[in-house]
Amino acid sequence: MSSIITRKDGDGNDQKLPRKRAAASDSGGGGGGGVVEAPKKSRFDVKDSNGSEKHEDATSAASLSSQQIKLMMAHAQREIEERKRALSNLRDKDPLLASVPQIGMPVALAAQALAKKPTPEDAEKARKIAELQAQIRAKLTGNLASLMQPTAVAAAAAAAAQAQERPKPLILDEEGRTVDKSGRTINIPTVTPTLKANIRAKKREVFQRQTGGVGERSDPATSAQDEAIKYFDDRIAQKPTVRNKRTLRFHEPGKFQQLAERMRMKSQLERLQNEISQIARKTGISSATKLALIAPKQDMPDDVPAMEWWDSVILTQDMETVDEASGKISIRQTAISNLIEHPTQMKPPSKYIKWDFESEIKNPFSSLDEPLKPVYLPVFLTKKERKKLRRQNRREAWKEEQEKIRLGLVAPPEPKLRISNLMRVLGSEAVQDPTKMEQHVREQMAKRQKAHEDANNARKLTSEQKSEKKQRKLREDTSCGVHVSVYRIRDLQDNQSKKFKVETNAKQLQMTGSVVLFRDCCVVVVEGGPKQQKKYRRLMLHRIKWEEDLAKGNDGQDVPNSCVLVWEGTSQRRHFGEIKFKIFPMEKMAREFFQKHQVEHYWDLAYSGAVLEASSDQQ
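Now for a quick tour of the structure. (Residues numbered from 1 in each chain as written. Predicted model: local features only at pLDDT ≥ 70, side-chain atom pairs only at ≥ 80, totals over all residues. Heavy atoms only, no water.)

Section: the overall build of the chain
Selection rule: Every helix listed is a DSSP run of H or I at least four residues long, and every strand listed is a run of E at least two residues long, numbered separately from the N terminus. With a 1.4 Å probe rolled over the protein chains alone, any residue whose accessible area is under 20% of its type maximum counts as buried; one over 50% counts as exposed, and the rest are partly exposed. Here, residues are in contact when the closest pair of their heavy atoms is within 4.5 Å. Here, Shrake-Rupley sampling with a 1.4 Å probe gives the accessible areas, and only protein chains in the shown set may cover a residue.
Broken down by element type, the chain carries 20 helices and eleven strands. Within the chain, the fraction of its 619 residues that count as buried is 18%. Taking contacts inside the chain between residues at least 6 apart in sequence as the whole, the part at least 24 apart equals 58%. Accessible surface, the chain as shown: approximately 50500 Å² in total, 55% of it carbon and sulfur.

Laid out in structure tokens, this is it:
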């Protein structure tokens, strides 16, 4: 392209010399013909910056001579040599140009190869050519370093080509300026048109954009597609919209054989375990071992005192002091008499509990002098006595109402009319106008009915009052003691309906406790008042049908499920909060849970009973 431009420039510079020579030859010839006039200048000719004029190609080609053609060829050869030297320098620097043939390639094609954007195929070709050249060079010279260097150069070229394929990232600073990776500001040049034709085209485009494209009628779909293509970058790789087909994945050979072998080994191991457990049950080793594993309560002191407190009252000093005369333990005779000593009477604990702030120990047995409310024994009357008491109360109220009427404080009530006593009460009035009297009686009856319904509605409780009444009836006072019940269930882990009944009824009765789920021994502990315990005991022992479900025994056979009341009694305080389920895989962990709440004897009782029950079932 540059050689062509240079040739045009050369033609413009050397244009005057051929014209003068042609004019001289024409004028000197004389006999050849008339004088040839120079072509007229056209007003459409454009002047270059150097001041030279450009004519049409046909006119300039006709006026060229042999000397001009020689000069043009020499000038073109010189430009070609310069371009070859420039290309050789670029080949030394860029390995991508090493694949370009050096002989017989025109300058225009070389310029196009330089301006052409490298593609992945070109980069791959360049890499393969570089590797082949490196292998040939290594075989000729026998040097390993010369083999590594071209390969590295090819890899760098491939990386550069791949980097050039993708658009460079746009990095902005806090002020919105474009910066490079090092943080320096980059000045992006703005390309503005300089030719008048381009300026007019730019103005025309802006004008059409402002006027909304009235002059051009384009399809909306085409305009939308052009708008989408405007912001599309073909250098960014996109994922295909078509979903890839799923390929067949075959199982590895021998997979199902391994699974079958594993299942056979598992069944054989279970059979051996059942045989061992049956032999241990026949000999009684398993039950004895489980009973031995139940740890005794550690909080109870094992040592027995040398002298009890009741013996210290009558002994002179201690148990080791012996009377010299009789040779027995010395006793104070004055402390023994024929009188009966009664224990000191203590008042029952009230709802108030004192706190000892010095030792910060709660003493539940200390109480105030008097309880919160006076306690009265309820009086139960027979049915006959209740009727008599009601009759007396109603007669007193009737006498009081008659006294008010007699004094004129209250108007006397209207006669209580009904359809049955209409003729007897009204008499002649009913005979004269029976329809009117019947209407009057019916209005009075409706009035009495409405008054009765209004009184019932006034006494009716609201929904909040009903719920509060129900809660008040369920709530019990446990300040003086808490009633506790311990139940043992054979299997409760896989039965969701039974678990729901056990938990929901305990919450509805406002009871506290815990449910411990263990293999062959599920323990339910509930705390509350006596009425609550009565309702819950009926639920656990009668309402829930435990025999409907089957549980796995120690020998692997199905046995009916069961629920047993292990223990019930009273405690000073509550040891658990809201009832919750706890699952423990080991017996030691379950006992530690109860020991944490200071009631490990609940677990000892329940688990020992489960062990004995299992041994009795086997026999």
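Having seen it, we continue.
Quick look at the packing of aromatic side chains
Two descriptors summarise a pair of aromatic rings, namely the distance from one centre to the other and the angle between the planes of the rings. Heads up, the condition is: In this analysis, rings of Phe, Tyr and Trp, with Trp reduced to its six-membered ring, are considered paired at centre separations within 6.5 Å, and the interplanar angle assigns stacked below 30 degrees, edge-to-face beyond 60, and tilted for intermediate values.
One pass over the full model with this rule turns up ten aromatic pairs. Aromatic pair F518 and Y607: ring centres 6.0 Å apart, planes at 65°, arrangement edge-to-face. Of this pair, F518 sits in the loop between β6 (512-517) and β7 (522-528) while Y607 sits in helix α20 (residues 600-618), and the two are 89 residues apart along the sequence. The exposure class of Y607 is buried, given its relative accessible area of 12%. Ring geometry for F594 and W603: centres 6.1 Å apart, planes at 20°, overall stacked. Accessibility classification places F594 together with W603 in one group, the buried group. Among the aromatic side chains, those forming a connected cluster through ring pairs are F518, F576, F584, F593, F594, W603 and Y607.

Re the pairing of β6
Using the following cut-off: Two strands pair if DSSP finds at least two bridges between them.
With six of its six residues buried, β6 lies for the most part within the structure. Burial of β6 is two-sided: the residues T512, S514 and V516 facing one way and the residues G513, V515 and L517 facing the other way are all buried. With five bridges connecting them, β6 and β7 associate as antiparallel partners. Bridge pairing links G513 to V526 in β7. Linkage of β6 to β7, two consecutive antiparallel strands, is achieved through a turn of four residues, within which D520 is found at a positive phi near 65°. Pairing of β6 with strand β11 (residues 581-583), which is carried by three bridges, proceeds in the parallel orientation. Bridging across to β11, V516 finds its partner in K582.

Things to note about the nonpolar core
What counts, and what does not: In this text, buried Ala, Val, Leu, Ile, Met, Phe, Trp, Tyr and Cys residues form a nonpolar core when linked through side-chain atoms within 4.5 Å.
By size, the foremost hydrophobic cluster in this structure holds 20 residues, and its most contacted members are I489, V502, V524, Y536, M540 and W546. Contributing elements (two or more residues each) for this core: β5 (482-489), α17 (496-508), β6, β7 and α18 (530-543). When near neighbours in sequence (up to four residues on either side) are disregarded, I489 contacts C521, C522, V524, M540, W546, N561, S562 and C563. Counting residues in each nonpolar core, the second largest holds 19 residues, with V486, F584, A590 and Y607 among its members.

Some remarks on unusual backbone geometry
Here the phi dihedral of Q510 falls at roughly 60°; this positive angle occurs in a residue that is not glycine. Its place among the elements puts Q510 in the loop between α17 and β6. Residue class for Q510 comes out partly exposed when judged on its relative accessible area of 28%.

Digging into helix α15 (residues 434-459)
Put simply, the test is: For a helix, the expected span equals 1.5 Å multiplied by the residue count minus one.
Relative to the 38 Å expected for 26 residues at 1.5 Å per residue, α15 spans 38 Å between its end C-alpha atoms, a close match to the ideal helical length. Every buried residue of α15 is accounted for by M437, V441 and Q444. Each element contacted by the buried residues of α15 is listed here: α13 (422-426) and α14 (428-432).

Comments concerning a nonpolar patch on the surface
For clarity, the threshold we go by: Residues enter patches when their relative accessible area tops 30% and they take part in no salt bridge; the joining distance is 9 Å for like charges and 5 Å for the nonpolar side chains Val, Leu, Ile, Met, Phe, Trp and Tyr. Every case where a carboxyl oxygen of Asp or Glu lies within 4 Å of a side-chain nitrogen of Lys or Arg is listed as a salt bridge.
A cluster of nonpolar side chains, namely M319, I329, I331 and I336, defines an oily patch on the protein surface of about 310 Å² accessible area. Relative to the elements of secondary structure, I331 occurs in the loop between α11 (285-293) and β3 (355-356). When its relative accessible area of 35% is taken as the criterion, I331 is described as partly exposed.

So, the sheet that holds β5
Selection criterion: All axes here are fitted lines through C-alpha atoms, helices being fitted over the stretch that makes contact, and every angle between N-to-C directions spans 0 to 180 degrees.
As summarised here, the arrangement of the five strands in space is β10-β5-β7-β6-β11, forming an open sheet in which the pairing is mixed. Each of the sheet's edge strands pairs with one partner strand only, and the pair in question is β10 (563-571) and β11. Taken over all neighbouring pairs, the strand axes of this sheet differ in orientation by 15° on average, direction set aside. Strand contacts of α18: β5, β7 and β10, with the helix running at about 10° to β5, the strand carrying the most contacts.

Re the side chain of S562
If you trace the backbone, S562 turns up in the loop between β9 (558-560) and β10. Among the residues examined, S562 registers a relative accessible area of 19% and is labelled buried. When near neighbours in sequence (up to four residues on either side) are disregarded, S562 contacts R488, I489, R490, W546 and E613.

So, the pairing of β5
Taking burial as the measure, the eight residues of β5 include seven buried ones, the bulk of the element. Across eight bridges, the pairing between β5 and β10 is antiparallel. Among the inter-strand pairings, H483 is bridged to a residue of β10, identified as T570. Two strands pair when backbone bridges link them, and β5 and β7 are joined in this way by seven bridges, in the antiparallel orientation.

So, the pattern of salt bridges
Following the criterion strictly, the structure yields 19 salt bridges and no others. D454 is the partner of K450 in a salt bridge, and the nearest nitrogen-oxygen pair spans 3.2 Å. Highlighted residues: K450 and D454, both in helix α15, separated by four residues, approximately one helical turn. For K450, a relative accessible area of 51% translates into the label exposed. Taking relative accessible area as the criterion, D454 reaches 40% and is therefore assigned partly exposed. For the salt bridge of D549 with K498, the shortest nitrogen-to-oxygen distance reads 3.3 Å. Here D549, found in the loop between α18 and β8 (550-552), pairs with K498, found in helix α17; they are 51 residues apart in sequence, far enough to count as distant. Assessed through its relative accessible area of 22%, D549 is described here as partly exposed. Here the salt bridges share partners, and the residues they tie into one network are E124, R127 and E131.

Comments concerning helix α19 (residues 587-596)
Definition in use: Along the arc lie the directions from the helix axis toward the C-beta atoms.
The set of residues buried in α19 consists of E587, A590, R591, F593 and F594. The arc enclosing the buried residues of α19, seen along the axis, measures out at 150°, which places them on a common side. Opposite the packed face of α19, turned more than 90 degrees from it, sit the exposed residues K588 and K596. Note on α19: the residue one or two positions beyond its end, Q598, has a positive phi of about 65°.

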